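Here's the letter readout for the chains.
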Amino acid sequence: AYCGGLVPGNNITGCVGDLRGFQTDTVGFDVNNTSRFQTGNWKHAFTYGGDYFNDSVSTFDPRGTGDLTTPGGRREVFGGFLQWKGNYLSWLEVIGAVRYDQYIFNAAGQENNKSRFSPKITIGVTPVTGVQPYVSYAEGYRSPTLTETLVIGAHPTGGGPGAFVCPDGNPGFFCFAQNLNLRPEIGRNKEIGVNFKYDSVLRPGDAFRAKLNVFRNDIDDFIELTGFGAFNGMYGTFNFYQYQNISQARIEGAEFESTYDAGDWFAGLAAQYQRGKNLDTNVGLVNVQPNKVVTTLGFRFFERKLTASIRWAAVASHDDLPANYIPTDSYHLVNVYMSYKVSEFVQLGFNIDNLLNENYHPYPIIRSTPTDNQNDSLWASAAPGITFKGSLKIRYGDTNPPFGSLAQR
């Protein structure tokens, strides 16, 4: 684009003063109901419902590239489920469920329509009071997003020389390629764990809760941004990038979380170990959360109406990646939370996220220039720095949630 005369514009944003817009209209609903009854020593809870949403995306960027990297289109996603939870006396709990999912994708003159039934079964026992081992098998289904399907065109250079000329004639560091035949992900998660629940441990009225589990999720058609074509050693990137289906991927690990609540104060400790692999290449997956440890400490004042807490998260680096990605460095986040309960139904909140203004990138990025490094904000924006948030929460209706016991992933 030229901004008057022969002055060239920026091939990312166009010219100073140019208008561009991104609009996403979402319409949907989510309804469910639970019916409870008892037969003999069994307590039954049938939960059933459905959900639907329609995403309609339109973009306007005549002299920039926003309409390419955030393309327009329409996606409909809907489904329904039926779950039965049965409790036998106080020692056995069984959950069986099935969910139906379907999505309809319309864009670029093409429509994709896919659907699937996904089952789930969970069994937990309580051999002694406060300890509940369980096993679970659940299948999941994720439809591709509009951006994953439609992104196209040259990765802009910001006005500098390109490394490659894309099929549309524009130079870039690499070219995005559409994939209108992108298939949904299907996950099969196996989990073994144990829940701990104790009351009045150190003082009357306190509570201790903990959960430890290991899991393995085998995923068919895992969606990931994949490089192909010639590899440019100078720039460390492929000529083309496209969201593609990885035929076999695996995400596995272990999780631990615990809380102790003494009423006037509370504390928590959580840890996660997680690894993801492309089983075809034995190379790590890009979009997998790294290992982390999270600690929380909080206090309650003024008859427990005011709650103040601080949370520290230590996140490890993520470096098991394809060669054309830049690993993420380890980082630390400190967040502060405060809330005041005005009444039983009204609550005010105030948060400070990233209190220490840490400069970090939570996700790996594609290498696109010879000078790429993790703190380069020109090519990949860092996560938000110190952020202040306020909130108002109003609840209508019953404040007593339905009974439940077994934690579900």
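Chains are numbered independently. Their residues run from 1 in the order of the written sequence. Given that this is a predicted model, residues contribute local features only at a pLDDT of at least 70 and side-chain atom pairs are listed and counted only at 80 or more, while totals for whole chains, interfaces and linings are drawn from all residues. Just so you know, side-chain values use all the structure's heavy atoms and leave hydrogens and water out.

1. Considerations on the overall build of the protein
Line of reasoning, step 1. Looking only at helices and strands, the protein features 2 helices and 22 strands.
Line of reasoning, step 2. To be clear on the numbers: accessible area is Shrake-Rupley with a 1.4 Å probe, and residue cover counts the displayed protein chains and nothing else. As displayed, the protein offers around 22200 Å² of accessible surface, 58% of which is attributable to carbon and sulfur atoms. Each helix is a run of DSSP H or I of at least 4 residues and each strand a run of E of at least 2, with the numbering of both proceeding from the N terminus.

2. What to know about the nonpolar core
Line of reasoning, step 1. Here, nonpolar core means buried Ala, Val, Leu, Ile, Met, Phe, Trp, Tyr and Cys residues that are tied together by side-chain atoms lying within 4.5 Å of each other. Each residue is placed in one exposure class: buried if its accessible area under a 1.4 Å probe, protein chains only, is under 20% of its type's maximum, exposed if it is over 50%, and partly exposed if it falls in between. One finds Phe174, Phe176, Leu225, Tyr241, Tyr243, Tyr325 and Ile366 to be the most contacted residues of the largest nonpolar core, which totals 14 residues.
Line of reasoning, step 2. It is strand β13 (residues 237-261) that contributes the most residues to this core, 3 residues altogether.
Line of reasoning, step 3. Setting aside its immediate chain neighbours within four residues, Phe176 contacts Thr69, Val151, Ile152, Gly153, His155, Leu225 and Tyr241.
Line of reasoning, step 4. With 10 residues, the next largest nonpolar core counts Val77, Ala107, Tyr141 and Leu146 among its residues. By the convention used here, residues are in contact when the closest approach between their heavy atoms is within 4.5 Å.

3. So, a nonpolar patch on the surface
Line of reasoning, step 1. Each patch is built from salt-bridge-free residues with over 30% relative accessible area, joining like charges within 9 Å and nonpolar side chains (Val, Leu, Ile, Met, Phe, Trp, Tyr) within 5 Å. Salt bridges are defined as contacts in which a side-chain nitrogen from Lys or Arg sits within 4 Å of a carboxyl oxygen from Asp or Glu. Taken together, the side chains of Leu89, Trp91, Ile121, Ile123, Val125, Val135, Ile192 and Val214 present a nonpolar region at the surface, about 670 Å² in accessible area.
Line of reasoning, step 2. Of the residues forming the nonpolar patch, the biggest block, 3 residues, is contributed by strand β5 (residues 110-125).
Line of reasoning, step 3. Mapped onto the fold, Val125 is located in strand β5.

4. Regarding the environment of Gly66
Line of reasoning, step 1. Looking at where Gly66 falls in the secondary structure, it is placed in helix α1 (residues 66-69).
Line of reasoning, step 2. Its relative accessible area of 4% is what places Gly66 among the buried residues.
Line of reasoning, step 3. As a C-alpha pair, Gly66 and Thr13 span 53 residues in sequence and 7.7 Å in three-dimensional space.
Line of reasoning, step 4. Contact partners of Gly66, with chain neighbours within four places excluded, come to Phe22 and Asp61.

5. Structural notes on the packing of aromatic side chains
Line of reasoning, step 1. Pairing of aromatic rings covers Phe, Tyr and the six-membered ring of Trp, with a centre-to-centre limit of 6.5 Å; geometry is then stacked below 30 degrees between planes, edge-to-face above 60, and tilted otherwise. For the structure shown, the criterion picks out 13 aromatic pairs.
Line of reasoning, step 2. The interplanar angle of 50° and the centroid separation of 4.9 Å between the aromatic rings of Tyr100 and Phe117 together place this pair among those described as tilted. Taken together, the residues Tyr100 in strand β4 (residues 92-107) and Phe117 in strand β5 connect sequence positions 17 residues apart.
Line of reasoning, step 3. We classify Tyr100 as partly exposed; its relative accessible area is 25%.

6. Notes on the pattern of salt bridges
Line of reasoning, step 1. Applying the stated criterion across every chain, the model contains 20 salt bridges.
Line of reasoning, step 2. Measuring nitrogen to oxygen at the nearest pair gives 3.6 Å for the salt bridge that ties Asp61 to Arg20. Pair noted here: Asp61 is in the loop between β2 (42-60) and α1 and Arg20 is in the segment before β1 (21-39), with a separation of 41 residues, a long-range link.
Line of reasoning, step 3. The buried category is assigned to Asp61, whose relative accessible area is 4%.
Line of reasoning, step 4. Each of the salt bridges in this network shares a partner with another, and the network as a whole consists of Arg116, Glu139, Arg188 and Asp220.

7. Some thoughts on the confidence of the model for the protein
Detailed conclusions should not be drawn from predicted coordinates in areas where pLDDT is low.
Line of reasoning, step 1. Per-residue confidence from the predictor is reported as pLDDT, a score between 0 and 100. Looking at the protein, the pLDDT average stands at 87 and 88% of residues meet or exceed 70.
Line of reasoning, step 2. Per-element averaging of pLDDT across the protein places α1 at the bottom with 72 and strand β16 (residues 292-301) at the top with 98.
Line of reasoning, step 3. In the predicted structure, residues 372-379 sits below a pLDDT of 50 and forms 19 contacts with residues beyond four places in sequence or in another chain.

8. Examining the side chain of Asp218
Line of reasoning, step 1. Assignment of secondary structure puts Asp218 in strand β12 (residues 207-232).
Line of reasoning, step 2. Overall, Asp218 belongs to the buried group, its relative accessible area being 17%.
Line of reasoning, step 3. Polar side-chain contacts of Asp218 include one of 2.7 Å to the side chain of Lys190.
Line of reasoning, step 4. One polar contact links Asp218 to Arg250, side chain to side chain, over a distance of 2.6 Å. Under this definition, polar contacts are N or O atom pairs within 3.5 Å; protein pairs additionally need one hydrogen-donor-capable and one acceptor-capable atom, and for neighbouring residues in sequence, both atoms have to be side-chain atoms.

9. Things to note about the pairing of strand β19 (residues 331-341)
Line of reasoning, step 1. The pairing criterion for strands is at least two bridges between them, as found by DSSP. The pairing of strand β17 (residues 306-315) with β19 spans 10 bridges and is classified as antiparallel. Looking at the pairing, Thr307 lines up with Ser339 of β19.
Line of reasoning, step 2. Inspection of the sheet shows β19 paired to strand β20 (residues 346-353) by 6 bridges, in the antiparallel sense. Of the residues in β20, the one forming a bridge with Val336 is Ile352.
Line of reasoning, step 3. Here β19 folds back onto β20, and the loop between the two strands holds 4 residues.

10. Focus: the environment of Gly397
Line of reasoning, step 1. Mapped onto the secondary structure, Gly397 falls in the segment after β22 (387-394).
Line of reasoning, step 2. Residue Gly397 is classed as exposed on the basis of its relative accessible area of 51%.
Line of reasoning, step 3. Measuring from C-alpha to C-alpha, the distance between Gly397 and Phe345 comes to 8.8 Å, with 52 residues separating the pair along the chain.

11. Description of the side chain of Asn245
Line of reasoning, step 1. Turning to its location among the elements, Asn245 is positioned in strand β13.
Line of reasoning, step 2. Judged by its relative accessible area of 18%, Asn245 falls in the buried class.
Line of reasoning, step 3. A distance of 2.9 Å separates the side chain of Asn245 from the backbone nitrogen of Arg183, its partner in a polar contact.
Line of reasoning, step 4. At a separation of 2.9 Å, a polar atom in the side chain of Asn245 contacts the main-chain carbonyl oxygen of Asp221.

12. Considering unusual backbone geometry
Line of reasoning, step 1. Of note in this structure, Ser200 is not a glycine but carries a positive phi near 55°.
Line of reasoning, step 2. Checked against the element boundaries, Ser200 lands in the loop between β11 (185-199) and β12.
Line of reasoning, step 3. Its relative accessible area of 44% is what places Ser200 among the partly exposed residues.

13. Thoughts on the environment of Lys43
Line of reasoning, step 1. Within the fold, Lys43 resides in strand β2.
Line of reasoning, step 2. Residue classification places Lys43 among the partly exposed positions, given a relative accessible area of 48%.
Line of reasoning, step 3. For the pair Lys43 and Asn87, spaced 44 residues apart in the sequence, the C-alpha separation amounts to 5.1 Å.
Line of reasoning, step 4. Residue contacts for Lys43: discarding those within four places in its chain leaves Phe37, Gln38, Lys85, Gly86 and Asn87.

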